[in-house]
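As a plain string of letters, each chain reads:
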Amino acid sequence: MIVPLRVRRNPERLIVTQVLTAEDLRDQILHHLTHTQGRGPEFATVFDWRLAVSYTVRDLMVGPWVGAIRAARDQGAKRVYYLSMEFLIGRILGDAIVNLGLDQPMAGALGLLGLDQQVILDDEPDAALGNGGLGRLAACFMESLSSLNCPAFGYGIRYEHGLFRQRFEGGQQVETPEDWLNQPHPWEFVRINYSYTVGFKGHVETVDGRAVWRPGESVIARAYDTPVIGWEGTWANSLRLWGALPTTLLDLKRFNAGDHTAAAEPEALARTLSRVLYPDDTTDSGKELRLKQEYFLTSAALQDIMARFMAEHGDLDLLPDKVAIQLNDTHPAIAGPELMRLLMDDHGLPFERARDLARATLNYTNHTLLPEALERWSTWLMGRVLPRHMQIIQMIDDDHRKTSGRPAHIGIVHGDQVHMGELAFIMAGRVNGVSALHTELVKDTVFADLHRLHPDRIVNQTNGVTPRRWLRMANPALTGLLDDTIGTGWTRDLDQLNRLEPFAHDAAFLDQLRAAKRANKVALSDGLLAGLGVKADPDAIFDVQVKRMHEYKRQLLNILEAIALWHRIHEAPNGNWTPRVKIFGGKAAPGYWLAKSVIHLINDVATAINNDPVTSEFLQIAYPPNYNVSMAEDLIPAADLSEQISTAGKEASGTGNMKFTMNGALTIGTLDGANVEIRELVGPENFFLFGLTAAEAAAEKARPGHARAAIEASENMKIALQLIAEGRFGRAESWYSLLDRTWNDDPFLVASDFDSYFAAQRAVDRAYADPASWDRMACLNIARSGFFSSDRTIRGYMRDIWHAKPVTPA
Ligand code: 73E
């Protein structure tokens, strides 16, 4: 029997689903199990159940989703379009259950069916369509846009293979392909009517005075939509991911001639465009395929935006009033020339008019100052792959030179290189950095000259993270305590966490806070024992560094400190040591040799130290492989100490740092990225600061021989390096290059900051040994973390950059 879903609207709270009972949901799950999955309950696998549960939850997202799309259209609202090569969304089911307010009836329904909710949730593969912070930020923004009723689309690529899976063999990283789409993906809706042709190569002709690009190759971009439901389920926006298809499925001529493999070539060639995510974080891969992928996303998105705009408004003068486009870094920066091309070549606007409209519509976020990440393409490649765009880029550059009176040494095209940062800046109404410090550095360094010419263009929007996923869903123990203590209002308005301030002196509350943290630590400890055989005492400090492996993030500093500490414990095994479990997580880009060498070192040091009977009760090291969003959801709530130890001036913002703070971990960190703002807000006395400032670091780096001098001056650093060189952790030869670089170059100043870091860690030890004071600091970190909600960030973009307003659904 088909059970009709009884959705009633609760007029007070506007939560459509709160009135559903466990029995309603159970019946609906059974309905989908039978009629969508085609399985009887007695034959169903975990996968079948998970899909039945997902379809049940998805049904409840569709109403708000369609309602939101209708409301935005009916009210002629301005829409925000977020273009990003990465959306690191992770699992969807648990988050959707939380946002729809279904936690309790769903737990009841699964109980009635005899299913374990955790097993069902863990069956969902992570959608790993991103590398790290930039992609995860895009996912948090999508959730906040929906929670704030801001009409928006996220545009990205539907990669068949997301970020590679990581294994360790002999302590070294081994990559295997990720294949999340190898099974049905229950959340997406394919839109065969939203398909656009994207061209490449070919030549440009002039017809009746107008430029006409005749591409030599083309593919079809097909839309796959996933609803992103906001908090309390009243609004959902679309994440629209493009998959590439060939314009002709099969070369029938070649097939009939017997060449069956070659006949499938057009399909294979097109599909490569949406096949794999580039696994480079903060480096520019410089590959033709990457340029094609960037244009594929951008062109499909802009065609879609223009089609919707023309259908709804039809008057190009209204474009900036109805459309705000955000470029997530320079990866979609070809949007400037592409929008100009559409306006000039398809709509016949003159250059100046097209330029002004484009600039009033486009904005650009800068996420990094690292020189290797600043995208540049050779004029030759750009001219070959996108000949019309290369012409338009030249026109934009010449025009900017004339109209701004800029000096000759700046601009978009330099010699034979196209600088995408300059292109994005010049075509953007607003350019933003992602933390207060980073934005100042953007003004002073990469865009200093352009900033002088356009002093109002650069603004700051400090990053944020969604508290629904990163607190409410990931940390039920703390969420329960917060709800009981200050109510549930913090979920929508994270500033309400400041109501916890008075409880920082309430011993009973602090005991409960400790108990919540301990429960998370016990769960993690069980996982580490089962998965890695590491014995993590839940009463030890859980000291966590999770992020991409990169020299500037300085996992090397962390592991060298562990070695030095291990040595000190050996010297005084009966000393008053504070037990510590160091936990690492993160992937290195497959071609990043030095980062991989650090992974190898951490694993070999872990093997040596974990089995040392003299120190094992004081120091353990765990490096679970394949760090991803789901692992972050387990690790962050269980952390006592958050490692944010990048070389000052290098980490644009960080967002993991914010998640830890919200979950009551204290930070040991440098004055880098958003750490600066975290420290100011939680109070310097509740933050373990160490290391050089950005200005000091720049000066130190310029000092000849800085590495050697710093190492010679540091007993602890010297010992750590010596133990490695002696072969105490695997074969000494494995580490020669790493040691050589540290002694002779050390571009990220591990040596210069070592003693300061070691001392800060000992301050952590002492603080942790005083539980009452530690818990008070943890409480204040939570209470003062409200600023780091991505709702605050999105409100900032809406106000300062997009000029977009929330919409009330009908
Ligand atoms: O500091 C982080 C920042 O929190 C920064 O390194 C990261 O973006 C985060 C969100 O703002 C970032 N990723 C990239 N650049 N900056 C990047 C560059 C090239 C390819 C992929 C990612």
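Calculation notes
- Numbering of residues starts from 1 in each chain and follows the order in which that chain's sequence is written.
- Under the rules for a predicted model, residues below a pLDDT of 70 receive no local features and side-chain atom pairs below 80 are neither given nor counted, while totals for whole chains, interfaces and linings still include all residues.
- Side-chain numbers come from the whole structure's heavy atoms, not from hydrogens or water.
- Numbering of helices and strands runs from the N terminus, with a helix taken as a DSSP run of H or I at least four residues long and a strand as a DSSP run of E at least two residues long.
- The contact definition used throughout considers only heavy atoms, calling two residues in contact when any of these lie within 4.5 Å.
- Within this analysis, patches are made of residues with over 30% relative accessible area and no salt bridge. Like charges are joined at 9 Å or less; nonpolar side chains (Val, Leu, Ile, Met, Phe, Trp, Tyr) at 5 Å or less.
- Values of accessible area rely on a 1.4 Å probe in the Shrake-Rupley scheme; residue burial ignores everything except the protein chains shown.
- Salt bridge, as applied in this entry: a Lys or Arg side-chain nitrogen positioned within 4 Å of an Asp or Glu carboxyl oxygen.
- Proximity criterion: a residue is near a molecule or strand once any of its heavy atoms comes within 4 Å of it.
- Polar contact criterion, stated in full: a pair of N or O atoms within 3.5 Å, where within protein one must be able to donate a hydrogen and the other to accept it, and residues adjacent in sequence count only if both atoms are side-chain atoms.
- Following the grouping adopted for this structure description, the nonpolar residues are Ala, Val, Leu, Ile, Met, Phe, Trp, Tyr, Cys and Pro, the charged ones are Asp, Glu, Lys and Arg, and the polar ones are all others, Gly among them.
- We treat two strands as partners when DSSP finds at least two bridges between them.
- Every angle, taken between N-to-C directions, lies between 0 and 180 degrees, and every axis is a line fitted to C-alpha atoms, over only the stretch in contact when it is a helix.
- One confidence number per residue, pLDDT, is output by the predictor and ranges from 0 to 100.
- Buried and open spaces are told apart on a 1 Å grid over the protein atoms alone, a cavity being a set of points where a 1.4 Å probe fits but cannot get out and a pocket being an open set with protein on both sides within 12 Å along at least five of seven lines. Residues with an atom within 4 Å of a point are the lining residues.
- Grid points are joined across faces, edges and corners, and a volume is the space filled by probe spheres set on the points.
- Just so you know, the domain bounds were taken from an automatic or database domain assignment.
- Any angle between 65 and 115 degrees counts as roughly perpendicular, while under 35 counts as roughly parallel, over 145 as roughly antiparallel, and the rest as oblique.
- Two helices cross in a left-handed way if the nearer one is turned anticlockwise from the farther one by less than a right angle. They cross in a right-handed way if the turn is clockwise.
- The buried area of a pairing is the accessible area, by a 1.4 Å probe, that goes missing from both parts when the two are put together, added over both.
- Only buried residues count toward a nonpolar core. Its members are Ala, Val, Leu, Ile, Met, Phe, Trp, Tyr and Cys residues joined through side-chain atoms within 4.5 Å.
- Exposed residues in this analysis have more than 50% of their type's maximum accessible area, buried residues have under 20%, and partly exposed residues fall in between, with area computed by a 1.4 Å probe over protein chains only.
- Geometry of aromatic contacts follows a simple scheme: Phe, Tyr and Trp rings, the Trp one being its six-membered ring, pair when their centres are within 6.5 Å, and the pair is stacked under 30 degrees between planes, edge-to-face over 60, tilted otherwise.
- The rule for a charge over a ring is simple: NZ of Lys or CZ of Arg within 6 Å of the ring centre, and within 35 degrees of the ring normal.

*Asks:* So what about the side chain of glutamine 761? Which residues, and what values?
*Replies:* Within the fold, glutamine 761 resides in helix α31 (residues 750–768). Those residues in contact with glutamine 761 that lie beyond four places of it in its chain are Asp543, Glu561, Arg580, Lys582, Leu641, Glu643 and Ile668.

*Asks:* Report on a nonpolar patch on the surface, specifying residues and quantitative values.
*Replies:* The grouping of Leu249, Leu250, Leu252 and Phe255 at the surface amounts to a nonpolar patch, some 370 Å² of accessible area in total. By secondary structure assignment, the location of leucine 249 is in the loop between β11 (236–246) and α7 (252–256).

*Asks:* Tell me about the site of the ligand, and please be specific about residues and values.
*Replies:* Lining the immediate environment of the ligand, one finds 17 residues, of which His367, Asn463, Glu651, Ser653 and Gly654 sit closest. One of the side-chain nitrogen or oxygen atoms of glutamate 651 is found 2.6 Å away from an oxygen atom of the ligand. For the ligand, whose unbound accessible area comes to 480 Å², protein coverage reaches 97%. When the residues that make up the shell around the ligand are grouped by side-chain class, the tally is five nonpolar, eight polar and four charged.

*Asks:* Can you lay out the sheet that holds strand β15 (residues 413–414) for me, pointing to particular residues and giving the numbers?
*Replies:* Spatially, β14-β16-β15 is the arrangement adopted by the three strands of the open sheet, whose pairing is antiparallel. What marks the edges here is a single partner per strand, and that holds for β14 (376–378) and β15. In this sheet, strand β16 (residues 417–419) lies alongside β14 in antiparallel orientation, the contact comprising three bridges. Along β16, the bridge assignment pairs tryptophan 377 with valine 418. Sitting on the sheet, helix α16 (residues 420–427) touches β14 and β16, and the angle it makes with β16 is about 45°.

*Asks:* Could you give an account of the environment of glutamate 680, with specific residues and numbers?
*Replies:* Secondary-structure assignment places glutamate 680 in helix α26 (residues 675–682). A C-alpha to C-alpha distance of 9.8 Å links glutamate 680 and arginine 784, two positions 104 residues apart in sequence.

*Asks:* Can you explain the confidence of the model for the protein? Please cite residues and give values.
*Replies:* Of the residues in the protein, 98% reach a pLDDT of 70 or more, and the chain-wide mean stands at 95. Per-residue pLDDT stays below 50 along residues 1–15; that stretch engages in 26 contacts with residues further than four places along the chain or on separate chains. Across the interface, the model reports ipTM at 0.99; the global pTM reads 0.97.

*Asks:* Can you tell me about the layout of surface pockets, naming the residues and giving the values?
*Replies:* When its volume is computed, the largest pocket comes out at roughly 1300 Å³. Considering the residues around the largest pocket, the lining is formed by 49 residues, among which Arg91, Gln118, Asp122, Ser630 and Asp634 are closest to the centre. Among the secondary structure elements, those contributing two or more residues to the lining of the largest pocket are α3 (93–99), α4 (103–112), α5 (117–122), α19 (467–473), α20 (476–486), α21 (507–532) and α24 (629–635). The biggest single contributor to the lining of the largest pocket is α21, with seven residues. Residues that form the lining of the largest pocket fall into these classes: 22 nonpolar, twelve polar and 15 charged. Of the domains in this structure, domain 1 (75–90 + 126–463 + 795–802) and domain 2 (467–777) are the two that each give at least three residues to the lining of the largest pocket. Of the voids in this model, the second largest pocket is the one considered here, and its volume is about 420 Å³.

*Asks:* Tell me what's going on with the packing of helix α22 (residues 555–571) against α31, and back it up with residues and numbers.
*Replies:* Running from N to C, α22 and α31 cross one another at 55°; their axes reach a closest spacing of 10 Å. In terms of their interaxial angle, α22 and α31 are classed as oblique. Note that α22 runs across α31; the crossing there is right-handed. In contact with Leu556, Leu557, Asn558, Leu560, Glu561, Ala564, Leu565 and Arg568 of α22, α31 contributes Val750, Phe754, Tyr757, Phe758, Gln761 and Arg762.

*Asks:* Account for the sheet that holds strand β22 (residues 641–644), with residues named and values stated.
*Replies:* Backbone-to-backbone hydrogen bonds join strands into a sheet, with any given pair of strands oriented parallel or antiparallel. Ordered by their spatial adjacency, six strands build an open sheet running β21-β20-β19-β22-β23-β24, and the pairing between neighbours is parallel. Each having just a single partner strand, β21 (619–622) and β24 (688–689) make up the two edges of the open sheet. Taken together, the four bridges between β22 and strand β23 (residues 666–669) define a ladder with parallel strand orientation. By the bridge assignment, leucine 641 is partnered in β23 with leucine 666.

*Asks:* If you had to explain empty space enclosed by the protein to someone new, which residues and values would you point to?
*Replies:* For the structure shown, the criterion picks out six cavities of 30 Å³ or more. For the second largest cavity, the lining is made up of 16 residues, of which Ile89, Ile92, Asp95, Val228 and Arg469 are closest to its centre. Among the elements of the structure, α3, α6 (133–147) and β10 (217–229) are those that each provide at least two residues to the lining of the second largest cavity. With four residues, the single largest contributor to the lining of the second largest cavity is β10. Taken together, the residues of the lining of the second largest cavity break down into nine nonpolar, two polar and five charged.

*Asks:* An account of the domain arrangement of the protein is requested, with residue identities and associated values reported.
*Replies:* Its domain assignment divides the protein into domain 1 (75–90 + 126–463 + 795–802) and domain 2 (467–777). Using C-alpha coordinates to define each centre, domain 1 is positioned 35 Å away from domain 2. Each partner contributes to the interface: domain 1 provides 42 residues, whereas domain 2 provides 41 residues. Counting the surface domain 1 buries against domain 2, the share from its top three residues, Gln166, Phe168 and Trp231, is 19%. The tally of links from domain 1 across to domain 2 stands at three salt bridges. Across the pair glutamate 232 and arginine 492 runs a salt bridge, and its minimum N-O distance is 3.1 Å. At the junction of domain 1 and domain 2, the tally comes to 22 residue pairs in polar contact (both at pLDDT 80 or more). Elements represented by at least two residues in the side of domain 1 that touches domain 2 include exactly β2 (87–90), α6, β5 (165–169), β6 (172–176) and α17 (436–444). Here the element with the most residues in the side of domain 1 that touches domain 2 is α6; it accounts for seven residues.

*Asks:* How would you sum up the nonpolar core? Please name residues and give values.
*Replies:* With 243 residues, the main nonpolar core has Val57, Trp242, Phe296, Met382, Leu560 and Trp802 as its most contacted residues. Taken domain by domain, the makeup of this core includes at least three residues from each of domain 1 (75–90 + 126–463 + 795–802) and domain 2 (467–777). The contacts of valine 57, once residues within four sequence positions are left out, are Leu93, Ala96, Ile97, Leu100, Leu102, Met106 and Trp187. The next biggest cluster of nonpolar side chains, apart from the first, holds five residues, and it includes Ala68, Ala71, Ala77 and Val807.

*Asks:* Quick one: what's the story with the pairing of strand β12 (residues 323–328), residue by residue and with numbers?
*Replies:* Counting buried residues along β12, six of its six residues qualify, which places the element largely inside the surrounding structure. Burial along β12 is two-sided: the residues Val323, Ile325 and Leu327 and Ala324, Gln326 and Asn328 are all buried. Here five bridges tie strand β1 (residues 79–83) to β12, and the two strands are oriented parallel to one another. Within the sheet, the bridge partner assigned to arginine 79 lies in β12 and is valine 323.

*Asks:* I'd like to hear about the packing of aromatic side chains, residue by residue, with values.
*Replies:* Under the criterion given, the structure shown has 22 aromatic pairs. Here phenylalanine 503 and phenylalanine 509 contribute two aromatic rings whose centre-to-centre distance is 5.2 Å and whose plane-to-plane angle is 50°, an arrangement assigned as tilted. Taking the relative accessible area as the measure of exposure, phenylalanine 503 reaches 23% and is therefore partly exposed. Judged by its relative accessible area of 4%, phenylalanine 509 is buried. Taken together, Tyr81, Phe153, Tyr155, Tyr196 and Trp242 form an aromatic cluster joined through their ring pairs. In this structure, lysine 292 packs its charged tip against the face of phenylalanine 200, placed 5.2 Å from the ring centre. Seen from the ring of tyrosine 768, arginine 514 lies directly overhead, with NZ or CZ sitting 6.0 Å from the centre.

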